[in-house]
Amino acid sequence: LRDRCKSAALPNVHLLLLILNKDLKLYFTRSPAVGENFTYWCKYNQTLSNCTKFICKGEDPSICTPLVSTRDPNRNKRFWMNDNKKKKNITMTVREVTADDSGTYWCGAESTNEHQSNRFFNRLSLTVGEPCYFII
């Protein structure tokens, strides 16, 4: 009875602790025009070479929306990804960007340890603008 009372007295508390990898040194802002193809690359640490890499979108990397990964590179027809293990970087291309593509993107690697979160090594802030035209 005493154990049951103890657990009943304690509220259910969920704590989310997000520790960004010490390798997260890069933060970039880019502004392509609507309709352009946009290519971006993320460099990663050698220790992540054999991990599945991914790109996701959202302000909070712990709940960002997955877009494409090295495990499933054809998941999204507008987003393409390539992992160059020799150069230790992944390249992301977004075809024909739209204003809806504006936002925060994360490059990350899936953790192989169920007790550790994914590792994020790059953050990109993308603002898609209207194309500029010059009349001569």
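Described in the following lines is the structure provided in the data block. All figures in this text were calculated on a predicted structure; none of them were measured in a lab.

So, the overall build of the chain
Inference 1: What the chain contains, in helices and strands, is one helix and eight strands.
Inference 2: Going from N to C terminus, the chain has its helices and strands arranged as α-β-β-β-β-β-β-β-β.
Inference 3: A burial count over the chain gives 33% of its 136 residues as buried.
Inference 4: Surface summary for the chain: the accessible area is close to 9,600 Å², and the carbon and sulfur share equals 53%.

Describing the state of the cysteines
Every disulfide links exactly two cysteines, by a covalent bond between their sulfur atoms.
Inference 1: According to the stated counting rule, one finds two disulfides in the structure shown.
Inference 2: The disulfide bridge from C42 ends at C107, spanning 1.8 Å between sulfur atoms. In this pair, C42 is assigned in strand β2 (residues 38–43) and C107 in strand β7 (residues 103–109), connecting sequence segments 65 residues apart. The exposure classification of C42 matches that of C107, with both residues buried.
Inference 3: Across a sulfur-sulfur distance of 1.9 Å, C56 and C64 are joined as a disulfide pair. A torsion of -65° about the S-S bond marks the disulfide between C56 and C64 as left-handed.

Remarks on the nonpolar core
Inference 1: With 22 residues, the main nonpolar core has F38, I55, I90, M92 and F121 as its most contacted residues.
Inference 2: Residue assignment for this core shows that the elements contributing at least two residues are β2, β4 (65–69), β5 (79–84), β6 (89–94), β7 and β8 (119–126).
Inference 3: Apart from residues lying up to four places away in sequence, M92 is in contact with F38, T39, Y40, I55, F79, W80 and L124.
Inference 4: One finds F54, C56, C64 and W106 within the second-largest nonpolar core, a separate group that totals five residues.

Description of the sheet that holds β5
Inference 1: The strand order across the open sheet built from three strands is β2-β6-β5, with neighbouring strands paired in antiparallel fashion. One side of each edge strand has no neighbouring strand; the edge strands of this open sheet are β2 and β5. Neighbour to neighbour, the strand axes of the sheet diverge by 15° on average, direction disregarded.
Inference 2: When β2 meets β6, the two strands line up antiparallel, connected through six bridges. The residue of β6 that forms the bridge with C42 is I90.

Looking at the environment of D100
Inference 1: Assignment of secondary structure puts D100 in the loop between β6 and β7.
Inference 2: Sequence separation between D100 and T127 is 27 residues, and the spatial gap between their C-alpha atoms is 9.2 Å.

Notes on the packing of aromatic side chains
Two measures describe an aromatic ring pair: the distance that separates the ring centres and the angle between the ring planes.
Inference 1: On inspection of all chains with the given rule, the structure shows five aromatic pairs.
Inference 2: Geometrically, the ring pair formed by F54 and F120 is edge-to-face, given 5.7 Å between the ring centres and 90° between the ring planes. Of the two residues, F54 sits in strand β3 (residues 53–57) while F120 sits in strand β8, which places them 66 residues apart along the sequence.
Inference 3: On the basis of an interplanar angle of 75° and a centroid distance of 5.8 Å, the ring pair of W106 and F120 is categorised as edge-to-face. Of this pair, W106 sits in strand β7 while F120 sits in strand β8, and the two are 14 residues apart along the sequence. Across the pair, F120 and W106 agree in class, each one buried.
Inference 4: Cluster of aromatic residues (ring-pair linked, three or more members): F54, W106 and F120.
Inference 5: Sitting above the plane of the Y44 ring, K53 keeps its charged end 4.5 Å from the centroid.

Reading the values: the criteria
All residue numbers here refer to positions counted from 1 along the written sequence of the relevant chain. Whole-chain, interface and lining totals are the exception, using all residues; otherwise, since this is a predicted model, local features are given only for residues with pLDDT of at least 70 and side-chain atom pairs are given and counted only at 80 or more. Think of the side-chain values as coming from all heavy atoms in the structure, minus any hydrogens and water. Segments assigned H or I by DSSP are reported as helices when at least four residues long, segments assigned E as strands when at least two residues long, and all are numbered from the N terminus. Relative accessibility thresholds used throughout: buried, under 20% of the residue-type maximum; exposed, over 50%; partly exposed, between the two (1.4 Å probe, protein chains only). Each accessible area is a Shrake-Rupley result for a 1.4 Å probe, and residues are judged covered by the shown protein chains and nothing else. Disulfide assignment relies on a single distance test, namely cysteine sulfur atoms paired within 2.5 Å. In these notes, a set of buried Ala, Val, Leu, Ile, Met, Phe, Trp, Tyr and Cys residues joined through side-chain atoms within 4.5 Å is what counts as a nonpolar core. Only heavy atoms enter the contact rule, under which two residues are in contact if any of them lie within 4.5 Å. When DSSP locates at least two bridges between a pair of strands, those strands are taken to pair. Where helices are involved, their axes are fitted lines through C-alpha atoms of the stretch in contact, as for all axes, and angles between N-to-C directions lie from 0 to 180°. Note on aromatic pairs: the rings of Phe, Tyr and Trp (six-membered ring only in Trp) are paired at centre separations within 6.5 Å, and the planes decide the class, stacked below 30 degrees, edge-to-face beyond 60, tilted for the rest. Only when the NZ of Lys or the CZ of Arg is both within 6 Å of the ring centre and within 35 degrees of the ring normal is a charge said to sit over the ring.

So, to be careful, I would describe these as geometric facts and stop short of saying anything about function.
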